[in-house]
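Geometric and topological summary
Okay, here's what each chain looks like letter by letter:
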Amino acid sequence: MLRIESLSKSYTLDTQALNDVSFEVTEPQVVAIIGPSGAGKSTLIRCINRLVEPSSGHAILNGENVTSLNSSGLRKARRRMGMIFQEYNLVERLTVMENVLSGRLGYVSFWQAWRRSYPPEDIADAFKLLERVGLEGYQDKRADALSGGQRQRVGIARALMQKPDLLLVDEPTASLDPKTSRQVMRILVELAHELHTPTLLNIHDVPLAKNFADRVLGMQDGRLIFDGTTEELTEEALTRIYGEEDWSVDTKKNVDEGVDTASTAFKATST
Amino acid sequence: MIENPLLRHGLLIAAVMYLAWSLGSLEVDWARTAQGADRAGRIFSRMFPPDFDRWSLLLRGIIESLEMALAASFIGMILAIPLGLCAASNIAPRPVYLVARSILVLTRTFHEVIIAILFVKIFGFGPLAGVLTLVVASISFIGKMLAEDIENLGDQQMEAIRATGASFPKVLIYGVMPQILPRYLGVSIYRLDANIRHSTVVGIVGAGGIGQTLSATFSRYDYDFSLAILLTIIALVFLGEFFSNWVRGRLR
Amino acid sequence: MNQESSKAGYPEIWKRFTPTQTLVRYLWFMGIVLVAVWSVRHLDIPWFYFLDAHVQAADLAYRMIPPDWSYFDVVAQPLIETIHIATLGTIVTFFIAFPTAFLAARNTTPNQLTWLIGRFILVASRSVNTVVWALLFVAIFGPGPVAGIWAVAFRSIGFMGKLIAEAIEEIDHGPVEAIEATGASRLKVLLIGVLPQVMPVIYGTSIYRWDINIRESTVLGFVGAGGIGIQLYASINQFAWDEVSLMLLTILGVVIISEYVSALVREKIT
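What this report covers is the structure whose coordinates are included nearby. Keep in mind that this is a model prediction, so the values were computed, not measured.

1. What about the overall build of chain C?
Tallying secondary structure elements over chain C gives 11 helices and zero strands in all. From first element to last, N terminus to C terminus, chain C shows the α and β order α-α-α-α-α-α-α-α-α-α-α. The C-alpha radius of gyration of chain C comes to 27 Å, more than 25% above the 18 Å expected for a compact globule of 270 residues. Structurally, chain C occupies a C-alpha span of about 85 × 75 × 40 Å along its principal axes. Here chain C, with 270 residues, has 50% of them falling under the buried criterion. Across chain C, the fraction of contacts at a sequence separation of at least 24, relative to all contacts at a separation of at least 6, is 74%. A gap of 10 Å separates the mean positions of the 17 positive and 20 negative side-chain charges of chain C.

Set out below in structure tokens:
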């Protein structure tokens with residue numbers, strides 16, 4: 001499905017944001033990428049749909065090498081990759097429906113986009129997705145009138161409108177409170193499984209990652225240093241990724257209840 | 001205001017010295033200036049009562065000024081869009097950005113009247129030169145505001161729209177336009193108001209409008225008609241400002 | 001939830017605006033275009049002038065380059081005069097705008113009539129362009145920089161007065177009431193209670209207006225009110241384009257420097 005081959009990115013000459021990262025996603029699973037701030041998680045995600053241009057290496061989606069496409073080919077490839085952002089990145093002055101429909105922008109003509117005349121099946125899909133993320137009846141609200149959690153649900157709906165072959169998710173919960181974070185994550189992961197969409201998910205919140213992901217990638221200093229299931233993400237592995245720390249709170253099984261304290265404890269130590 | 005007494009007194013002394021220098025260096029015909037109060041009295045007495053008898057001439061000038069302002073605002077508003085886009089560092093390529101910015105700086109530096117007189121020399125006397133002057137001023141003003149608004153937008157929503165596979169024009173109409181449209185319209189309306197004010201002056205160098213009539217009355221010592229024109233201009237500007245505030249209020 | 005089976009149940013039409021809203025938007029749009037088109041047509045613009053505009057412009061550029069650098073000696077003095085006109089005009093404004101602003105601010109004006117007078121002065125001052133004021137003052141004082149200084153000052157009163165009046169209306173009333181409570185006279189209340197609070201605004205707007213006035217002063221000479229405009233007008237009328245381009249360059253330099261100085265000073269005092 002998705003194969004990453006020694007992907008590297010350096011913004012300046014002497015620092016490597018991404019250093020020879022390779023991995024493969026062969027089944028529709030939710031892959032969480034964890035690691036300290038500045039480890040290159042966000043750069044990795046953005047190099048795949050080339051919002052950031054990688055310096056070298058390849059990203060191959062369903063047999064197509066995204067890194068070697070020209071700009072129109074890239075636009076076609078981007079249609080197949082839905083992206084969800086930390087700050088939601090909605091267009092604030094547009095309605096919820098327009099934001100959701102913007103997921104189809106790659107498929108309609110300029111004039112259709114201008115007139116907001118999308119095909120009927122797109123509109124039905126949009127209504128369905130809005131209901132699915134729990135925003136039924138919100139279609140005519142303006143995006144800037146929504147709460148953070150609601151905005152992120154619109155963000156999810158927009159990404160899924162693309163009927164993507166791959167979901168790229170960049171810190172979806174970093175701007176949300178713990179309860180909303182869990183709700184958003186649940187919707188996201190449920191939908192990803194339901195639609196059989198492989199999902200690459202940046203997240204700094206280890207308990208959330210352990211709770212919702214099928215597989216975990218650990219990054220440090222631009223390198224991939226851990227790849228395994230959530231069970232394999234032991235205290236020892238976390239120490240390798242983040243450095244020495246008491247991880248017992250985070251590795252407890254009952255994270256469902258302990259999430260609030262755990263995530264705040266984690267933030268306090270990591271920053 | 002200034003804590004340091006040395007600096008404060010130093011500034012004061014510098015200010016006094018500047019005053020002495022500037023007043024001394026101005027070439028002033030003091031004898032002529034001394035008659036000022038006297039002449040002012042005579043001019044004002046000739047101004048009253050304002051003479052509205054030639055209202056048809058007045059009306060023609062005012063309408064021409066108004067038309068110049070409207071036409072120039074509309075053309076300027078449209079042409080400002082490409083210039084504004086080119087002058088926004090976050091969407092335009094570096095060379096395009098630099099060229100657009102230099103155009104903005106150049107056009108903003110020169111007073112409308114200088115631009116007007118150059119256009120009069122190229123296109124001859126009449127409203128065409130005036131309209132072109134106001135168009136240049138409008139493009140420059142609206143374009144600068146537009147560029148700054150786009151730069152202040154940040155990359156977030158544009159990034160999101162780009163990530164859906166949308167082409168650049170679609171990124172513009174979805175990621176940029178909705179966010180800046182209200183302010184763009186507000187600035188354009190403000191510019192209409194400014195153009196009404198400026199349309200009354202470009203005529204002084206022959207570029208059409210009521211300014212041409214006004215300047216003629218001064219050279220003919222026709223002061224009662226001058227006052228009538230001035231009062232009309234004040235009323236027009238006042239109405240323009242009122243209208244512009246009303247529309248901008250409605251745009252939220 | 002089973003997505004496939006529920007598909008039929010979702011609406012397939014969604015409109016951003018109701019038909020009435022759409023109609024109103026189109027009417028606005030058409031109204032604006034109509035007014036613009038009518039204006040352009042009614043102006044009787046000789047469009048054929050545009051046919052050779054590019055030739056004219058190229059010819060003009062050709063005559064402007066290179067600028068006549070030697071003419072700088074002639075221009076230096078008028079250039080300094082231009083700056084003086086702007087500076088002295090701004091200083092005069094400083095002393096007039098101030099009392100006018102107190103009249104035009106609702107919380108410091110003595111009564112309704114004085115408020116109206118204050119407002120009228122501000123509106124009238126702003127409605128009349130600097131060049132028009134210059135026409136009037138040239139008639140009064142004769143040609144020369146004195147007329148220019150007064151023209152600059154009279155135009156700036158409205159600008160500065162309006163901003164200062166707004167600042168006065170937004171002041172903190174605590175100190176003012178405290179001083180009123182001591183039984184101080186009206187003037188004392190203004191000087192001690194109000195003035196210190198608006199002083200930064202006054203300095204800021206003065207500097208800002210000074211920089212605008214530099215730009216305005218460059219054209220006062222067109223109507224005989226002093227400054228570099230006199231030479232510029234003369235050279236344009238004699239079609240001495242290499243002199244014109246030199247003067248445009250010096251004006252460009254002075255305006256950019258003054259803008260920079262003004263921004264620097266305003267940053268320092270606020």
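Next, the rest of the story.
2. Comments concerning the sheet that holds strand β4 (residues 56-61) of chain A
Residues and elements named next belong to chain A. Read from one edge to the other, the open sheet built from four strands follows the order β2-β1-β4-β5, with strand pairing classed as antiparallel. At either margin of the open sheet sits one strand with a lone partner, and together these are β2 (18-25) and β5 (64-65). Here strand β1 (residues 2-9) pairs with β4 via five bridges, running antiparallel. Paired with Ile 4 across the two strands is Ala 59, which belongs to β4. Those strands touched by helix α1 (residues 41-48) are β1, β2 and β4, and its axis lies near 120 degrees from that of β1.

3. Structural notes on the nonpolar core
Among the nonpolar cores identified, the biggest contains 103 residues, and Ile114(B), Phe222(C) and Leu232(C) are the most heavily contacted of them. Beyond its immediate sequence surroundings of up to four residues, Phe222(C) is in contact with Val113(B), Ile114(B), Ile117(B), Val205(B), Gly229(C), Leu232(C) and Tyr233(C). If you look at the next biggest cluster of nonpolar residues, it comprises 77 residues, including Tyr88(A), Phe127(A), Ala192(A) and Leu238(A).

4. Some details on the pairing of strand β10 (residues 223-229) of chain A
Residues and elements named next belong to chain A. When strand β9 (residues 215-220) meets β10, the two strands line up antiparallel, connected through six bridges. By the bridge assignment for β10, Gly 218 is matched with Phe 226. Connecting the antiparallel pair β9 and β10 is a turn made up of two residues, with Asp 221 showing a positive phi of about 50 degrees.

5. What to know about the interface of chain A and chain C
With 17 residues of chain A at the interface, the matching set in chain C holds 10 residues. Approximately 1,500 Å² of surface area, both sides summed, lies buried where chain A meets chain C, with 59% of it carried by carbon and sulfur atoms. Contact with chain C buries surface across chain A, with Ala124(A), Phe127(A) and Lys128(A) losing the most and accounting together for 34% of the total. With a shortest N-O distance of 2.6 Å, Glu98(A) and Arg16(C) are connected by a salt bridge. Mapped onto the side of chain A that touches chain C, the elements with two or more residues apiece are α3 (96-101), α5 (120-132) and α7 (178-194) of chain A. Residue contributions to the side of chain A that touches chain C peak at eight residues, all from α5(A). Counted by class, the side of chain A that touches chain C contains seven nonpolar, two polar and eight charged residues.

6. Structural notes on a nonpolar patch on the surface
The grouping of Phe243(B), Trp246(B), Val24(C), Trp28(C) and Ile32(C) at the surface amounts to a nonpolar patch, some 500 Å² of accessible area in total. Only α11 (223-250) of chain B together with α2 (19-42) of chain C provide two or more residues apiece to the nonpolar patch. For the nonpolar patch, the element with the highest residue contribution is α2(C), accounting for three residues. Within the fold, Trp28(C) resides in helix α2.

Thresholds applied
- Residues numbered from 1 in each chain as written.
- Chains lettered and ligands numbered in written order.
- Predicted model: local features only at pLDDT ≥ 70, side-chain atom pairs only at ≥ 80, totals over all residues.
- Heavy atoms only, no water.
- Helix = DSSP H or I, 4+ residues; strand = E, 2+ residues; numbered from the N terminus.
- Rg over C-alpha atoms; globule rule 2.2 N^0.38 Å.
- Buried < 20%, exposed > 50% of the residue type's maximum accessible area, 1.4 Å probe, protein only.
- Contact = heavy atoms within 4.5 Å.
- Lys, Arg positive; Asp, Glu negative; His and termini not counted.
- Charge placed at Lys NZ, Arg CZ, Asp CG, Glu CD.
- Pairing = 2+ DSSP bridges.
- Axes fitted to C-alpha atoms, helices over the stretch in contact; angles between N-to-C directions.
- Core = buried A, V, L, I, M, F, W, Y, C linked by side-chain atoms within 4.5 Å.
- Buried area = accessible area lost by both parts, 1.4 Å probe.
- Salt bridge = Lys/Arg side-chain N within 4 Å of Asp/Glu carboxyl O.
- Nonpolar A, V, L, I, M, F, W, Y, C, P; charged D, E, K, R; others polar.
- Patch = residues over 30% accessible without salt bridge, like charges linked within 9 Å, V, L, I, M, F, W, Y side chains within 5 Å.
- Areas by Shrake-Rupley, 256 points an atom, 1.4 Å probe, with all protein chains shown as cover.

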